[in-house]
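Here are the chains, one letter per residue:
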Amino acid sequence: MSETTIESILQEKRLFAPCSEFSQNANIKSFAEYQQLYEQSISDPEGFWANLAETELDWFQKWDRVLDWQPPFAKWFVNGKINISYNCLDRHLTTWRKNKAAIIWEGEPGDSRTLTYAQLHREVCQMANVFKQLGVKKGDRVGIYMPMIPEAAIAMLACARIGAPHSVVFGGFSAEALKARLQDAEAKLVVTADGGFRKDKVVPLKDALDEALSNNGVPSVENVLVVQRTKQTINMQEGRDHWWHELHAQASINCPPEPMDSEDLLFILYTSGTTGKPKGVVHTTGGYNLYTHITTKWAFDLKDTDVYWCTADVGWITGHSYIVYGPLSNGATSLMYEGAPRASNPGCFWDVIEKYGVTIFYTAPTAIRAFIKMGDEHPNARDLSSLRILGTVGEPINPEAWMWYHKVIGGERCPIVDTWWQTETGGFMITPLPGATSTKPGSATRPFPGIIADVVDLEGNSVGNNQGGYLVIKHPWPSMMRTVYKDDDRFRRTYWEHILPKNGKYLYFAGDGARKDEDGYFWIMGRVDDVMNISGHRIGTMEVESALVSHPAVAEAAVVGRPDELKGEDVYAFVTLEGSYQPSEALKEELKKHVVKEIGAIARPGEIRFADALPKTRSGKIIRRFLRNLAAGQELVGDISTMEDLSVLDKLREGA
Ligand code: ATP
Ligand code: MG
């Protein structure tokens, strides 16, 4: 085993084939069809993408070149003119979809709204006209700091309509984090709300924005547009702050879409900050529109009869690509939900599915683990029979959590699409196509057509089957990030200089370890930053965590390497327990034995710590870098702004 690869110890053999009735009706109907598309996409990538761009999207002017690749900088559909809000709205208005629900929205307190394509178009045009009235021109950046209400999507589409790049900042971020992001983007306008409802509390968004802007904190900001949501008392600064409902009433409903260059900046968005300081990822227009459109259509097998629900927040890439742009470009019905499962309403997600007859449900492993902990009685008490496809994204899903999702939520009939991708990739990279791909619990399966993924060592050589290594992409794709905002150098360093093939080829690497099995299926093994080195064996976090989670007592597990004189590093496991189990020394011993039985003595945890909760990003991912500090008895190092709940670490430290 070379120093530059990762060892794999977990073997998962279960296989689930799509049922024939599902496949017959699917957009991509068989594995053979997938393979044919894949072959085509690899033998003639430019022809493949050009054909889709032509048939799936509307352009104001055709491109003269499909791809201009000056590594690591790519341009797609060079000189093509397009507007993504046109593709998401206007083009549906001349069809029967005009009066189809574009957005179904459910508020946390139980209020709801439905916007048809015609209504959404009208709202977007009006907001775009208000932006113009407030001095926003093509190229000016707009900050969006919103709760999960339709106006968040309306603001994004309004930006796209007039060519003003948006930078959405998740509504759970603090004033400090908001300020840093608005400064970086040099936003001219910020769209916010008085507040939002989150887990039975009112989140004071406008107050946080006031704090971020105080003492001329973000000098570029000239105006603030405030949507009324909670009706709490807020401060409105004369001349700077404007109520949306007041300007809305007088705004014209006509706003022609700005013809944008395919490579014009569409948005800036920061990564989750799981491994360090977030990166300001830049996405442009044409390629992003195409890739999010086609991945939604094929990986979710989208049909006009679907009610599609992605539970992410619009503040993350998942919300951008798979609540707003991908579904709307397809003319789908996209459900938006303001609430979140909480002690007072642990079954709220299942209520929403039952109420609207949701057919496609897309969520994250962190949520699935939380549902498991809350108990099966909640989903079991609802009618979930409308569901036909389940999706997951954000972290590797432990096979046992996958099985629970499959059985309890999917009733053993819904294919699970485990989508591996990143803020940087814009859309799904490795994912099943539900009518075509047999699934294996814990594997994101195969690359999407057009994506050449591989597992390599540090010199870029492919490693063998079932050997872990670095997950890379070997050819540009339409929705790849174009750069780090205002920092080409960081872009180059972060993504293109880790793996250096001798032949000088550029490989895209964004930090994950993986292995490819004998069937060509990819298994994400966790972040390479988190790889442990136990007695010379380099082991990823995912497999040890999955072994722990497969014990009935364990709800969630995070493992890190702790410096050890003998072994170099020792496995240190943080574990949260299922509701009915109590921490004890005996249980620790049992869990250690369980890991040995599941994957071998090499991974036996030297120490197990029970915790009430694990440190997570605001997007719900376990942050291991702090646990590593904690296990080694060191002070915490690195960016803490993206952490959801700082008290989790204090509690872990107290209990040390
Ligand atoms: P940062 O880059 O700032 O550390 P982040 O990587 O968490 O944060 P995102 O772009 O939100 O930021 O997340 C992408 C990462 O999430 C991937 O690199 C991968 O580690 C993980 N991920 C996403 N989907 C999956 C999946 N289906 N299976 C395994 N891991 C996944
Ligand atoms: Mg990342």
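Residues numbered from 1 in each chain as written. Chains lettered and ligands numbered in written order. Predicted model: local features only at pLDDT ≥ 70, side-chain atom pairs only at ≥ 80, totals over all residues. Heavy atoms only, no water.

Looking at an unreviewed UniProt entry, one finds the protein named Acetyl-coenzyme A synthetase, with Stanieria cyanosphaera as its source organism. In its Sequence similarities (unreviewed entry) section, UniProt records this for the protein: "Belongs to the ATP-dependent AMP-binding enzyme family." The Catalytic activity (unreviewed entry) comment attached to the protein in UniProt states, word for word, "acetate + ATP + CoA = acetyl-CoA + AMP + diphosphate". (UniProt positions renumbered as here; feature names shortened; annotations may be inferred.)

## Brief notes about the packing of aromatic side chains
In the structure shown here, the tally under the stated rule is 45 aromatic pairs. A ring pair is formed by Phe491 and Tyr495, whose centres lie 6.0 Å apart and whose planes are at 50°; its orientation type is tilted. One end of the pair, Phe491, and the other, Tyr495, are both in helix α16 (residues 488-496), four residues apart, so they sit about a helical turn from each other. Classification of Tyr495 by relative accessible area gives buried; the value is 1%. Put simply, the rings of Trp69, Phe73, Trp477, Phe491, Tyr495, Trp496, Tyr506 and Tyr508 touch in pairs and so form one group of aromatic residues. When the ring centre of Phe173 is taken as origin, the NZ or CZ atom of Arg181, which lies over that ring, is 4.3 Å away. We note Arg181 situated over the ring of Tyr270; from NZ or CZ to the ring centre the distance is 5.2 Å. (Phe/Tyr/Trp six-rings, centres within 6.5 Å; stacked < 30°, edge-to-face > 60°. Helix = DSSP H or I, 4+ residues; strand = E, 2+ residues; numbered from the N terminus. Buried < 20%, exposed > 50% of the residue type's maximum accessible area, 1.4 Å probe, protein only. Lys NZ or Arg CZ within 6 Å of the ring centre and 35° of its normal.)

## Some points on the sheet that holds strand β25 (residues 522-527)
If you trace the four strands from one edge of the open sheet to the other, you get β21-β22-β24-β25, paired in antiparallel fashion. Looking at strand neighbours, the two that pair on one side only are β21 (453-456) and β25, the edges of this open sheet. With direction set aside, neighbouring strand axes in the sheet form an average angle of 45°. Against the sheet, helix α17 (residues 541-549) contacts β24 (508-516) and β25, and its axis sits at roughly 95° relative to β25. (Pairing = 2+ DSSP bridges. Axes fitted to C-alpha atoms, helices over the stretch in contact; angles between N-to-C directions. Contact = heavy atoms within 4.5 Å.)

## Thoughts on the pairing of strand β2 (residues 73-78)
Two strands pair when backbone bridges link them, and strand β1 (residues 65-70) and β2 are joined in this way by five bridges, in the antiparallel orientation. Of the residues in β2, the one forming a bridge with Gln70 is Phe73. Between β1 and β2, which pair antiparallel in sequence order, lie two residues.

## What to know about helix α12 (residues 348-356)
Every buried residue belonging to α12 is among Cys348, Phe349, Trp350, Val352, Ile353 and Tyr356, and all of these are buried. One or two positions beyond α12, positive phi appears at Gly357, with a value near 60°.

## A word on the pattern of salt bridges
Under the counting rule described, the total for this entry stands at 49 salt bridges. Taking the shortest distance from any N to any O, the salt bridge between Asp304 and Arg97 comes out at 2.8 Å. One end of the pair, Asp304, is in the loop between α10 (286-299) and β16 (307-310); the other, Arg97, is in the loop between α4 (84-93) and β4 (101-106), with 207 residues separating them in the sequence. The shortest N-O distance in the salt bridge between Asp519 and Lys440 comes to 2.7 Å. Linking Asp519 in the loop between β24 and β25 with Lys440 in the loop between β20 (416-418) and β21, this pair joins segments that are 79 residues apart in sequence. (Salt bridge = Lys/Arg side-chain N within 4 Å of Asp/Glu carboxyl O.)

## Let's talk about the site of ligand 1
By nearness alone, 21 residues border ligand 1, and Thr274, Thr275, Thr423, Asp512 and Arg527 come closest of all. With respect to ligand 1, the side chain of Thr274 contributes an N or O atom lying 2.4 Å from an oxygen atom. Between an oxygen atom of ligand 1 and a side-chain N or O atom of Lys279, the distance comes to 3.1 Å. Isolated, ligand 1 exposes 630 Å² of accessible area, and the fraction of that covered by the protein chains is 95%. Looking at the shell around ligand 1 residue by residue, the classes come out as five nonpolar, nine polar and seven charged. (Near = heavy atom within 4 Å. Polar contact = N/O pair within 3.5 Å; in protein donor to acceptor, adjacent residues only side chain to side chain. Areas by Shrake-Rupley, 256 points an atom, 1.4 Å probe, with all protein chains shown as cover. Nonpolar A, V, L, I, M, F, W, Y, C, P; charged D, E, K, R; others polar.)

## Notes on helix α13 (residues 365-374)
The buried count for α13 comes to seven of ten residues, which makes it a mostly enclosed element. Within the span of α13, buried status applies to Pro365, Thr366, Ala367, Ile368, Arg369, Phe371 and Ile372. Downstream of α13 by a residue or two, Gly375 has a phi angle that is positive, lying close to 110°.

## Some details on the nonpolar core
Grouped together as the largest cluster of nonpolar side chains are 140 residues, with contacts concentrated most on Leu120, Phe131 and Tyr325. Those residues in contact with Phe131 that sit more than four places away from it in its chain are Val136, Ala155, Ala158, Cys159, Ile162, Leu189, Val191 and Leu225. (Core = buried A, V, L, I, M, F, W, Y, C linked by side-chain atoms within 4.5 Å.)

## Structural notes on the UniProt feature "binding site: CoA" (unreviewed entry) in the protein
Mapped onto this numbering, the UniProt entry annotates "binding site: CoA" (unreviewed entry) at Arg198, Lys199, Asp200, Lys201, Thr318 and Ser535. A maximum C-alpha distance of 48.2 Å is found for the annotated residues, which run over 338 residues; spatially they are spread out rather than grouped. Checked against the lining of the largest cavity, the annotated residues reduce to Arg198. For Lys201, the position within the fold is in strand β10 (residues 201-203). Apart from the residues lying within four places of it in its own chain, the contact partners of Lys201 are Glu108 and Gly196. Here Thr318 lies in helix α11 (residues 317-329). Excluding residues that lie within four positions of it along the chain, Thr318 makes contacts with Cys310, Ala312, Ile323, Tyr362, Val393 and Trp421. (1 Å grid on protein atoms, 1.4 Å probe; cavity = no way out; pocket = protein on both sides within 12 Å on 5 of 7 lines; lining within 4 Å.)

## Considering unusual backbone geometry
Here Pro71 and Pro72 are connected by a cis peptide whose omega angle stands at 0°. Turning to its location among the elements, Pro72 is positioned in the loop between β1 and β2. Not every positive phi belongs to a glycine, and Asn215 is a case in point at roughly 55°. Considering the arrangement of structural elements, one finds Asn215 in the loop between α8 (205-213) and β11 (223-227).

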